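Each chain, written out:
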2 protein chains.
Amino acid sequence: MKLIENKILEDGKIINNDILKVDNFLNHQIDLNIIDEYAKEVKKFFKEEKIDKVLTIETSGIAVAYAVCESLGKVPLLFAKKSKSMIVDSNVYSTEIKSFTKNFVSTVTVNKNYLQSGQNILIVDDFLAEGNAALGLIDLCHQAGANVVGFATVIEKGFQGGRKKIENLGVKVFSGAIIKAFENNKPTF
Amino acid sequence: MKLIENKILEDGKIINNDILKVDNFLNHQIDLNIIDEYAKEVKKFFKEEKIDKVLTIETSGIAVAYAVCESLGKVPLLFAKKSKSMIVDSNVYSTEIKSFTKNFVSTVTVNKNYLQSGQNILIVDDFLAEGNAALGLIDLCHQAGANVVGFATVIEKGFQGGRKKIENLGVKVFSGAIIKAFENNKPTF
């Protein structure tokens with residue numbers, strides 16, 4: 001989406017040649033004009049699919065997922081919770097996710113009551129880099145016997161290989177913008 | 001709002017006689033039919049006010065705040081970040097907030113670029129108990145020289161005194177439901 005590419009060029013800050021900071025419209029302040037347009041495109045991309053619920057992971061995925069749920073006709077939103085504790089409630093599905101930007105592993109859980117066999121789940125997240133969060137959320141769905149309809153992200157860093165790992169599991173991927181590389185401290189699309 | 005009171009009676013779970021768990025529509029899974037209705041009531045309650053931006057705090061406030069921003073005509077959403085680190089970036093406003101449910105203190109920050117002098121800010125959060133989060137967010141606004149238009153919460157535990165502390169600062173409070181007490185393991189309104 002040109003809208004998102006332009007916003008990244010205007011406001012994004014590249015840190016350590018690997019991390020893109022977009023605090024102005026996605027990760028700290030959220031621009032509803034952009035996220036609502038993104039959500040409409042997600043609806044179009046997955047228009048053939050039945051979607052019962054949207055699954056995301058705290059924190060930055062929640063606002064985007066809310067907009068997507070709205071565009072899909074107010075389907076429920078479920079956000080997986082991160083915990084550093086190894087003591088996990090027995091009524092949850094649980095997986096381990098390594099954060100690319102923060103370089104630590106979180107135990108991520110969803111309550112079994114809210115993710116169930118046969119449900120059609122669209123997974124939404126703010127970023128796709130190496131795909132760790134997406135694979136973890138897909139794992140939670142598979143544990144529940146739920147069907148993963150697709151994965152939608154706002155910004156994909158195409159050079160970090162996440163898409164291929166997700167598609168290899170038979171899951172379709174939609175990205176609002178795909179960054180090919182960072183060149184001279186600017187993203188190219 | 002009857003809608004929210006009924007949902008609490010149907011789905012809420014009281015833990016330790018103090019904590020209300022509403023994971024079915026607010027704190028883990030989010031029911032857009034309820035949260036969107038809530039957001040319309042927030043708009044009505046603050047209809048005389050000019051609102052430039054909505055401020056909330058991660059995590060459970062974000063979805064509610066998104067719906068409120070939408071109902072106010074897509075004003076920007078800013079979420080304050082919790083950090084356990086004492087090392088704070090110089091370009092942020094920072095305050096300490098004690099979590100009622102989790103019993104620890106977080107350093108909470110917003111970037112100075114996104115909270116500015118003269119802006120009219122509506123603060124939104126999922127719960128109001130002792131008012132610690134609200135007071136911390138008001139403090140951030142005051143540090144910035146921003147004007148706090150009001151505080152909106154989905155569920156207020158009226159017996160924990162938060163409202164009075166906020167109103168004493170001259171800030172109007174709107175709650176979707178006010179719980180008077182927990183009696184025989186049931187909330188009363």
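Residues numbered from 1 in each chain as written. Chains lettered and ligands numbered in written order. Predicted model: local features only at pLDDT ≥ 70, side-chain atom pairs only at ≥ 80, totals over all residues. Heavy atoms only, no water.

Caption draft 1: Quick peek at unusual backbone geometry. The omega torsion across E58 of chain A and T59 of chain A is 5°, close enough to zero to call that bond cis. Although it is not a glycine, N185 of chain B sits at a positive phi angle of roughly 65°. Along the chain, N185 of chain B turns up in the loop between β11 (181-183) and β12 (186-188). The class of N185 of chain B is exposed, set by a relative accessible area of 52%. (Helix = DSSP H or I, 4+ residues; strand = E, 2+ residues; numbered from the N terminus. Buried < 20%, exposed > 50% of the residue type's maximum accessible area, 1.4 Å probe, protein only.)

Caption draft 2: Here's a closer look at the pattern of salt bridges. For the structure on display, the rule yields 26 salt bridges over all chains. In this structure, E156 of chain B engages R163 of chain B in a salt bridge whose closest nitrogen and oxygen atoms are separated by 2.8 Å. Given the relative accessible area of 3%, E156 of chain B is considered buried. The network of salt bridges with common partners includes K7, D11 and D31 of chain A. (Salt bridge = Lys/Arg side-chain N within 4 Å of Asp/Glu carboxyl O.)

Caption draft 3: Broad picture of the interface of chain B and chain A. Opposite the 33 residues of chain B that make contact, chain A presents 33 residues. When residues of chain B are sorted by the area they lose upon contact with chain A, H28, L32 and Y66 of chain B head the list and together hold 27% of the total. For the interface between chain B and chain A, the tally reads four salt bridges. Among the ionic pairs, K74 of chain A bridges to D36 of chain B, the shortest N-O distance being 2.5 Å. Counting the contacts that link chain B with chain A gives 18 residue pairs in polar contact (both at pLDDT 80 or more). (Contact = heavy atoms within 4.5 Å. Buried area = accessible area lost by both parts, 1.4 Å probe. Polar contact = N/O pair within 3.5 Å; in protein donor to acceptor, adjacent residues only side chain to side chain.)

Caption draft 4: The arrangement of the relation of the copies chain B and chain A in detail. Once turned by 180° and shifted 0.0 Å along the axis, chain B lies on chain A with an RMSD of 0.0 Å. Both copies are brought into coincidence by an operation consistent with a two-fold rotation axis. Both copies present the same face, since 100% of the interface residues in chain B are matched by interface residues at the equivalent positions in chain A. (Least-squares fit on C-alpha atoms with pLDDT ≥ 70 in both.)

Caption draft 5: Spotlight on the side chain of E156 of chain B. All names here are of chain B. Along the chain, the position of E156 falls in strand β9 (residues 147-157). Polar contacts involving the side chain of E156 include one to the side chain of R163, which spans 2.8 Å. When residues no more than four places from it in sequence are discounted, the contact partners of E156 are L128, R163, V173, S175, A177, I178 and I179.

Caption draft 6: Layout of the environment of L115 of chain A. Residues and elements named next belong to chain A. Within the secondary structure layout, L115 lies in the loop between β7 (105-111) and β8 (120-128). For L115, a relative accessible area of 1% puts it in the buried group. In sequence terms L115 and S83 are 32 residues apart; their C-alpha atoms lie 18 Å from each other. Excluding anything up to four places from it in sequence, L115 contacts L78, Y93, V110, I121, L140, C141, A144 and A146.

Caption draft 7: Quick peek at the nonpolar core. I155 of chain A together with I155 of chain B are the most contacted members of the largest nonpolar core, which has 78 residues in total. Apart from the residues within four sequence positions on either side, I155 of chain B is in contact with I4, I8, L20, V22, F25, L26, D126, F127, L128, A177 and I179 of chain B. Core analysis: the second largest hydrophobic core is formed by 26 residues, L55, L137, C141 and F151 of chain A among them. (Core = buried A, V, L, I, M, F, W, Y, C linked by side-chain atoms within 4.5 Å.)

Caption draft 8: Layout of the pairing of β8 of chain A. Residue and element names in this part refer to chain A. Among the nine residues that make up β8, nine are buried, leaving the element largely enclosed by the rest of the structure. Note that strand β4 (residues 53-57) and β8 share three bridges and pair parallel. Following the sheet pairing, V54 is matched in β8 by L122. Of the strand pairs in this sheet, β8 and strand β9 (residues 147-157) are connected by eight bridges, and their pairing is parallel. What sits directly across from N120, in β9, is N147. Handedness of the β-α-β unit built from β8, helix α4 (residues 132-144) and β9 comes out right-handed. (Pairing = 2+ DSSP bridges. Right-handed = clockwise from strand over helix to strand, strands pointing away.)

So far we have only geometry, and geometry alone does not tell us how the molecule works.
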